[in-house]
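Fold and contact review
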Amino acid sequence: MSIGFAKAHVKEKCDFFSFYEYLFIGHRFLIKGFSMKNKKTIYNSDEFRKTVQCLTEKIREADELESVDVDKSFQDVMKRVGREKKVPHRRHIYRWSLSIAAAIALALVMNWWSTNVDEGTELDIALLNDTTSICGDEVILITDNQAMNLKNDASLKYDTLGSSNIQQYALNTKISQASSVKNEMHQIMVPNGKRADITFSDGTRIYINSGSKVIYPDIFEERKREILVEGEVYLDVAKRKDCPFVVKTREFDIRVLGTSFNVCAYREDEAASVVLVRGSVEVTTENKSKVRLAPNQLVDIKGNKTQVRKVDVSEYISWKDNLLLLHQRPVGDVLKKLERYYGCKIRYDAEITTLSLSGKLDLQTDITNVMDNLCLSLSLHYTINDKDEIYVSLK
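Here goes a summary of the coordinates provided. Sequence order sets the numbering: in each chain, residues are counted from 1 along the sequence as written. Predicted model: local features are reported for residues with pLDDT of at least 70 only, side-chain atom pairs are reported and counted for 80 or more only, and whole-chain, interface and lining totals are derived from all residues. Excluding hydrogens and water, the side-chain figures rest on all heavy atoms present in the structure.

**Thoughts on the overall build of the protein chain**
- Per the convention used, a helix needs a DSSP run of H or I reaching at least four residues, while a strand needs a run of E reaching at least two, with both numbered from the N terminus. Of the regular secondary structure elements, the protein chain holds nine helices and 24 strands.
- Each residue's exposure class comes from its accessible area (1.4 Å probe, protein chains only) as a fraction of the maximum for that residue type: buried when under 20%, exposed when over 50%, partly exposed otherwise. Within the span of the protein chain, comprising 395 residues, buried residues form 45% of the whole.

The following block contains the structure:
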């Protein structure tokens, strides 16, 4: 978590743990820093620096605590306060007034810090606006100033030092002048009709569907794991309590510690979605509204509007196993998925768009076999022209 999070945390995310810890720290600091008898400041700059550093760590840690930890921390703090030397009633009130002032003052210090300290290498969503488009017939990987074509179904693996097996899947290599991605970042673009998967340096595995782009570092930072996504991916996130995993898209961010979930965020689609398989995720939209999902829940995101519903997750993640499981799905949606998966053009009559389809389609077979089964189920008819474009209509 970057230090820049401190400002927002003070404004809107300050939980019981952080509040009472800061209050106690301020209480101790003011008691030590002021002479009640002489009414003059004897504050120590080293102690102040250490206090601010302590606050920084608390802010970094507080957001990841469970409620039971918060309760325990509150009780511990109150015990510590109770062990303070007994003082007359008026002096007690005076000291606690100063404690509150100290907490506010230290919060202001953190506010200043957050606006004046470098926030590191937080990924900018603008990187998804890179002029390099998802096109062509091959998977493209850009690393440093090189671009290379990869085999379909490439399975890349990075170790903790950033070394990888990229060359095992490389078809060719050339110098790239198009990408705006920083040198330490890698960018993979998977065109329609292709797939790929990556095991990141932390052990997290991502499956990347057709027509998708992912931007990621070869090595994650010690306290931050972030990637950018456009299109559809499935992630099985390696659990690290001290380091959340953040997926950023154009419309929303997803924050997790260790879990499995599917993200669908194609630029050309009207709505995006997140489906949770296990664990817990928090989705933050562009207007900063938050949605927390439980397993077997899906959130539809359209602009700043969200809708959560219970689903059969297998329908939404089966693509990574080369299957399409369907239950009352509109034919128009199914044909769009097939168009991306096989990298072909599929046109159809408007009257068949809302017909519903249930069953299983094996995507390891040729597109003609898939279309045969689909049309047989719904009494549809399809043709393929000399440009390999498919047209579907009622019989």
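**A word on the environment of Lys310**
- On the secondary structure map, Lys310 appears in strand E19 (residues 305-310).
- Remark: the alpha-carbon pair of Lys310 and Val275, spanning 35 residues in sequence, is separated by 9.3 Å.
- Contacts: residue pairs with any heavy atoms within 4.5 Å of one another. Sequence-distant contacts of Lys310, that is, excluding residues within four places in its chain, are made with Asn296 and Gln297.

**Considering the side chain of Thr143**
- Counting through the fold element by element, Thr143 comes out in strand E3 (residues 139-143).
- Not counting the four nearest positions on each side in its chain, Thr143 is found in contact with Met148, Ile166, Met185 and His186.

**Points about helix H9 (residues 367-378)**
- Given a helix with a known number of residues, its expected span is that number minus one, times 1.5 Å. Taking 1.5 Å per residue, 12 residues should reach 16 Å; H9 reaches 17 Å between its end C-alpha atoms and fits that length.
- For H9, the set of buried residues is Ile367, Val370, Met371, Leu374, Cys375 and Leu378. The buried residues of H9 occupy an angular sector of 125° when the element is viewed end-on, so they sit on one face. Turned more than 90 degrees away from the buried face of H9 sit Leu376 and Ser377, all of them exposed.
- Elements that come into contact with the buried residues of H9 comprise helix H8 (331-342), strand E22 (356-362), strand E23 (380-384) and strand E24 (390-394).
- Phi turns positive, to about 55°, at Ser379, one or two residues after H9. The directions from the helix axis to the C-beta atoms are what the arc is built from.

**Describing the nonpolar core**
- As used in this record, nonpolar core signifies buried Ala, Val, Leu, Ile, Met, Phe, Trp, Tyr and Cys residues forming a set joined through side-chain atoms within 4.5 Å. Ranked by size, the top nonpolar core spans 41 residues in total, and within it Leu150, Leu156, Ile188, Tyr216, Ile227, Ile254 and Phe261 carry the most contacts.
- The element best represented in this core is strand E11 (residues 225-236), accounting for four residues.
- Formed by 23 residues, the second largest nonpolar core is a distinct cluster that contains Leu324, Tyr341, Val370 and Leu374.

**Some points on the sheet that holds E24**
- Across the sheet, which stays open at both edges, the three strands sit in the order E21-E24-E23 with mixed pairing between neighbours. Two strands lie at the open edges of the sheet, namely strand E21 (346-348) and E23, each paired on one side alone. Strand-to-strand twist of the sheet, defined as the mean angle between neighbouring strand axes without regard to direction, takes the value 25°.
- Of the pairings in the sheet, the one linking E21 to E24 comprises three bridges and is parallel in character. Pairing of Ile346 across the sheet is with Ile390, part of E24.
- Whenever a helix is involved, its axis is fitted only over the stretch in contact; in every case the axis is a line through C-alpha atoms, and angles between N-to-C directions fall within 0 to 180 degrees. Packing of H8 onto the sheet brings it into contact with E21 and E24, and relative to E21 it is tilted by some 160°. Here, strands pair whenever DSSP counts at least two bridges between them.

**Describing the side chain of Arg340**
- Mapped onto the secondary structure, Arg340 falls in helix H8.
- For Arg340, a relative accessible area of 11% corresponds to the buried category.
- At a separation of 2.7 Å, a polar atom in the side chain of Arg340 contacts the side chain of Asp269.
- If near-sequence neighbours (up to four positions away) are discounted, Arg340 is found in contact with Asn192, Gly193, Ser210, Tyr266, Glu268 and Asp269. Pairs of N or O atoms within 3.5 Å make up the polar contacts considered here, provided that, within protein, one atom can donate a hydrogen while the other can accept it, and that residues adjacent in sequence are counted only when both atoms are side-chain atoms.

**A few points about the pairing of strand E16 (residues 281-285)**
- Within E16, five of the five residues are buried, which leaves the element mostly enclosed by the surrounding structure.
- Burial along E16 is two-sided: Val281, Val283 and Thr285 and Glu282 and Thr284, pointing in opposite directions, are all buried.
- Connecting the antiparallel pair E16 and strand E17 (residues 290-293) is a turn made up of four residues, with Lys288 showing a positive phi of about 70°.

**Brief notes about the packing of aromatic side chains**
- Note on aromatic pairs: the rings of Phe, Tyr and Trp (six-membered ring only in Trp) are paired at centre separations within 6.5 Å, and the planes decide the class, stacked below 30 degrees, edge-to-face beyond 60, tilted for the rest. Scanning the entire structure with this criterion turns up seven aromatic pairs.
- Here the aromatic rings of Tyr207 and Tyr234 are separated by 6.0 Å at their centres, their planes lie at 50°, and the arrangement is tilted. Remark: Tyr234 occurs in strand E11 and Tyr207 occurs in strand E9 (residues 205-208); sequence separation between them is 27 residues. Considered together, Tyr207 and Tyr234 belong to a single accessibility category, that of buried residues.
- With a centroid separation of 5.6 Å and 75° between ring planes, the pair formed by Phe220 and Phe245 is classed as edge-to-face. Taken together, the positions of Phe220 in the loop between strand E10 (212-217) and E11 and Phe245 in strand E12 (residues 245-248) put the pair 25 residues apart, joining distant regions of the chain.
- Note on Phe220: relative accessible area 9%, which makes it buried.
- A connected cluster of aromatic rings, assembled from ring pairs, spans Tyr158, Phe200, Tyr216, Phe220 and Phe245.
- Over the aromatic face of Tyr207 sits the side chain of Lys320, whose NZ or CZ is 5.0 Å from the ring centroid.
- For a Lys NZ or an Arg CZ to count as sitting over a ring, it must be within 6 Å of the ring centre and within 35 degrees of the ring normal. One residue, Lys320, lies across the ring of Tyr234, its end atom 5.0 Å from the ring centre.

**Structural notes on the packing of H8 against H9**
- Where H8 contacts H9, the axes come no closer than 12 Å and their chain directions differ by 175°. Judged on the interaxial angle alone, H9 and H8 are roughly antiparallel. Note on element contacts: H9 touches H8 through Ile367, Val370, Met371, Leu374 and Leu378, opposite Val331, Val334, Leu335, Leu338 and Tyr342.
- Three classes are used, and their members are as follows: Ala, Val, Leu, Ile, Met, Phe, Trp, Tyr, Cys and Pro are nonpolar, Asp, Glu, Lys and Arg are charged, and the others, Gly among them, are polar. The residue makeup of the contact of H8 with H9, split by class, is 10 nonpolar, no polar and no charged. Orientation is classified from the angle alone, with under 35 degrees giving roughly parallel, over 145 giving roughly antiparallel, 65 to 115 giving roughly perpendicular, and any other angle giving oblique.

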